[in-house]
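Listed below, chain by chain, are the residues.
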Amino acid sequence: MPRRCIGSSEGFHVNTRKLALTAAAAVALTAAFAGSASAQSRDQIRAVGSSTVFPFTTAVAEAFGKGGKFKTPVVESTGTGGGLKLFCAGVGPGHPDIANASRRIKKSEVEQCAANGVTQITELKIGFDGIALAYSKKAPEVALGTEVLWKALAKEVPVNGKMVANPYKKWSDIDPKLPANEIEVLGPPPTSGTRDSFNELVMLEGCKKVAEVKALVADEKAREKACMAVREDGGYIEAGENDNLIVQKLTANPSAFGVFGYSYLDQNRDKLQAAKMDGVTLTAENVASGKYEVARALYVYVKNAHVGVIPGIREFIAEYTSERAMGDEGYLADKGLIPEPKDVRESARVSAVNLTPLQL
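Conventions we followed
Residues numbered from 1 in each chain as written. Predicted model: local features only at pLDDT ≥ 70, side-chain atom pairs only at ≥ 80, totals over all residues. Heavy atoms only, no water. Helix = DSSP H or I, 4+ residues; strand = E, 2+ residues; numbered from the N terminus. Buried < 20%, exposed > 50% of the residue type's maximum accessible area, 1.4 Å probe, protein only. Contact = heavy atoms within 4.5 Å. Disulfide = S-S within 2.5 Å.

### Considering the environment of Gly240
Secondary-structure assignment places Gly240 in the loop between β9 (236-238) and α10 (243-252). What makes Gly240 partly exposed here is its relative accessible area of 29%. Residues Gly240 and Thr78, spaced 162 residues apart in sequence, show a C-alpha to C-alpha distance of 9.6 Å. Ignoring sequence-local partners within four residues, the contact set of Gly240 consists of Gly187, Pro188 and Pro189.

### Considering the state of the cysteines
Going through the model one piece at a time under the given rule, you end up with two disulfides. Disulfide pairing is shown between Cys88 and Cys113; the S-S distance is 2.0 Å. One quick way to see it: the torsion about the S-S bond of Cys88 and Cys113 is about -70°, and its sign makes the bridge left-handed. Residue Cys88 is located in the loop between α3 (80-87) and β3 (98-101), and its partner Cys113 is located in helix α4 (residues 107-115); the two are separated by 25 residues in the primary sequence. Note on accessibility: Cys88 and Cys113 belong to one class, buried. Here Cys207 pairs with Cys227 through a disulfide, and the sulfurs are 2.0 Å apart.

So, in structure tokens, the structure goes:
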């Protein structure tokens, strides 16, 4: 049989293909080493998520950093939904280690995490928070209720036997006893956990008190959707994830209201007050006892796969769950966090330190 010449055209193409494959392998190997270097170079914990939980995790991060053994974690306020989206996007140094949330993680988010390789998550319930309908101290005291708030902020309300675009422009249009001020409520966007909680605790519950809605929207799912649809004509203004910005705007406009967590009210009591909700004043005691119904739990989620890879995660959890942080007299209570009972805190601490995987 004739022998093939190494310098032939066919041999040249074979060698070219081999060289191309070798080059591709080299690029892949280089990328792998780059990824390894990146993992080694990330020596700071990264947390993202809720603007409500942000001041609490920031306080823990600062206390943790002062310990000197690990760098102070980087904490970003992205909103609960945005933070969990980043958290669930994958495993590795390019993805956050911790997600702060002002509501519990949804089943759909857990499934998204799993689809991207984030298969084990530890859930830590850090305490409680009341949702404030805050306004300037320059304005007279006002008492509202979930029914009135729903009528003020719903996209459609019942009028003369029909669901129509919200016609109420002033609070006094809903109830003559209320101020004759334009309805203006500054609040979080749909990506916010506070917005989710507000929709469920205020919009949905207030809507249930309006009997005509049930009669006009018979389908339960359609009714729930209608109840939580917020007006878009200026009565409700999305103020982003920066709760401090809402505080500034309320100070400048005494007739406006703002929606945010209790901690921001607590830190700004010299400028702001909160409306009574269905006759109950927003206080830490009333939230803890369940009297103030517009309240929710706050959470921190940890990516178990990053523990032992990104330095200090387990130690950071230990600091977060310590009594000096989460206790009745802890520094988080000074920031406005409403602690859980001590036995519940201890159970949460043990579960978090042991990295017990979340099971919904």
